[in-house]
Structure formats: structure tokens, C-alpha cells
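Coordinate analysis (summary)
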Amino acid sequence: MKPWGRYLIGGVLGVVFGVGVAVQSVRGGALGGNVAFGPWQTGADFGTADAGALTRAVVALRGLLALPAHEARYYNAAVDDAGRALDGKCRYRIAGGDLPAQWWSLTLYTADGYLAGNGPFSIESAALPASEQRNWQVTVAPTRQPGHWLPTAGLDRFQLTLRTYLPDNDGKAAADRSVLPTVTREACA
């Protein structure tokens, strides 16, 4: 084979491999500058002018992190407190208290970033009675549960997104692990 043929094949394979890795990174939601707090991850550059190309591509594709940092901070969990992947056939207790924001919401998504099942899709602090604002609990499970419940629709894998709106520190820093909710697996089918 002539040298130019090898260069052409090598170039084409390089471009195909590069595009494949880029597509996988964006579709997988791998956000640059991630900071982990137990099961929760947030990005250092979410909602800022410093957001990198990868963060911007993921936001453009999934639209989950669209507000500027001074309006909302986003925390995503794909694992429980023990580091196990969130399994839609299991029951989890998400427990928290006061969060450093004016209000918050907790939403369940498929592993691909879509809303799961027929709802309810989200629980928000404004919907909780005053007696539960400082100590709240949400059950995530495939079947109806008493109290506040988010259905998994029996998915193999799912993820949770916690949005804190109008954060106390104007979104300049992530919340400390001590104030973020726990994600505890209670039982599996």
C-alpha cells in the first residue's frame, strides 16, 4: 500500500474514533470539572461564563443545567451513599433538611436523562408542609409508597437531580456534603 493510502486510512480512523468519543462523552453527560459530595456531583463551571465546551454541549443536548449559577445549583446522583448504581427495582430513602437556597426540587430521570414513567416526576420544597421543611424524606421506588414518593417505573438504572434555586452564596460555591440529602438503599425486589 502506498504511504498516502496509509495516511488517509489513519486519518479517517482517527476522525471516526474522535467523533465517537466526543458523542459518547456528551451523551453520557460527563461534565467537566465535576466535584463529588458523597453520591452527589456538581460541576465547577455549571451556569458560568467559564463553562467549558463539554459542559456547554451537554447542556445543549440535555437542557438540564440551563440556569446561570446565581439562579440555580445542580447536583446529580447516579449512585447511593454506598457507591452502588441507582437501581429502579430497589427502594431508596432520600432524606435531607434545610438546603442553602430559597427552594429546591428533586427530580428522577432515566439514565439517558429523560423523565421516567407517568409521574410524579419531582418533589419540591414548596409543596412540603412547614413541619417537614427542616427534616424531609422522599421514597424512591417502583411501586406506590406512603408519603412523598417518586416512581422508578422499574428502570434498570436511574439518576436524581437536585436543583437548589437562588442559592445562598449566589451560586459561587457548591453546598457542603453535610447539608446535601442522603441516598440510602433500603431494599431490592
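Look up a bit, the structure's there.
The structure contained in this document is the topic of the report that follows. As the structure is a prediction and not an experimental result, all values here were calculated from the model.

Rules used in this analysis
- Residues numbered from 1 in each chain as written.
- Predicted model: local features only at pLDDT ≥ 70, side-chain atom pairs only at ≥ 80, totals over all residues.
- Heavy atoms only, no water.
- Salt bridge = Lys/Arg side-chain N within 4 Å of Asp/Glu carboxyl O.
- Buried < 20%, exposed > 50% of the residue type's maximum accessible area, 1.4 Å probe, protein only.
- Phe/Tyr/Trp six-rings, centres within 6.5 Å; stacked < 30°, edge-to-face > 60°.
- Helix = DSSP H or I, 4+ residues; strand = E, 2+ residues; numbered from the N terminus.
- Pairing = 2+ DSSP bridges.
- Axes fitted to C-alpha atoms, helices over the stretch in contact; angles between N-to-C directions.
- Patch = residues over 30% accessible without salt bridge, like charges linked within 9 Å, V, L, I, M, F, W, Y side chains within 5 Å.
- Areas by Shrake-Rupley, 256 points an atom, 1.4 Å probe, with all protein chains shown as cover.

**Some words on the pattern of salt bridges**
- For the coordinates displayed, the defined rule picks out seven salt bridges.
- For Arg 84, the salt bridge identified is with Asp 80, shortest N-O distance 2.9 Å.
- Its relative accessible area of 37% is what places Arg 84 among the partly exposed residues.
- The class of Asp 80 is buried, set by a relative accessible area of 1%.
- In this structure, Arg 157 and Asp 87 form a salt bridge, with 3.9 Å as the shortest nitrogen-oxygen distance.

**What to know about the packing of aromatic side chains**
- According to the stated counting rule, one finds three aromatic pairs in the structure shown.
- Taken together, a centroid distance of 4.2 Å and an interplanar angle of 20° make the contact between Trp 103 and Tyr 165 stacked. Of the two residues, Trp 103 sits in strand 5 (residues 101-110) while Tyr 165 sits in strand 9 (residues 158-167), which places them 62 residues apart along the sequence.

**Notes on the sheet that holds strand 2 (residues 40-43)**
- Within the open sheet, the six strands sit side by side as 1-2-3-9-5-6. Their pairing is antiparallel. Strand pairing shows two members of the sheet lacking a second neighbour, strand 1 (34-37) and strand 6 (122-124), which therefore form its edges. Across this sheet, the average inter-strand angle for adjacent strands is 25°, counted without regard to direction.
- For strand 3 (residues 72-77) and strand 9, the ladder comprises six bridges, and the chain directions are antiparallel. Directly across from Tyr 74, in strand 9, lies its bridge partner Arg 163.

**A word on unusual backbone geometry**
- Non-glycine residue Ala 153 carries a positive phi angle of around 60°.
- According to the relative accessible area criterion, Ala 153 is partly exposed, its value standing at 48%.

**Comments concerning the sheet that holds strand 7 (residues 135-141)**
- Ordered by their spatial adjacency, four strands build an open sheet running 8-7-4-10, and the pairing between neighbours is mixed. Each end of this open sheet is capped by a strand with a single partner; those strands are strand 8 (149-151) and strand 10 (182-188). This sheet shows a mean twist of 20° between the axes of neighbouring strands, independent of strand direction.
- Two strands pair when backbone bridges link them, and strand 4 (residues 90-97) and strand 10 are joined in this way by six bridges, in the antiparallel orientation. Counterpart to Ala 95 in the pairing with strand 10 is Thr 182.

**Quick word on the pairing of strand 4**
- The sheet contact formed by strand 4 and strand 7 spans six bridges and is antiparallel. When the sheet's bridge partners are listed, Arg 93 is paired in strand 7 with Thr 139.

**Comments concerning a nonpolar patch on the surface**
- The grouping of Trp 4, Leu 8, Val 12 and Val 16 at the surface amounts to a nonpolar patch, some 450 Å² of accessible area in total.
- Take Leu 8: it is sitting in helix 1 (residues 3-27).
- By relative accessible area, which is 53% here, Leu 8 ends up exposed.

**What to know about the side chain of Arg 73**
- In this structure, Arg 73 sits in strand 3.
- The class of Arg 73 is buried, set by a relative accessible area of 6%.

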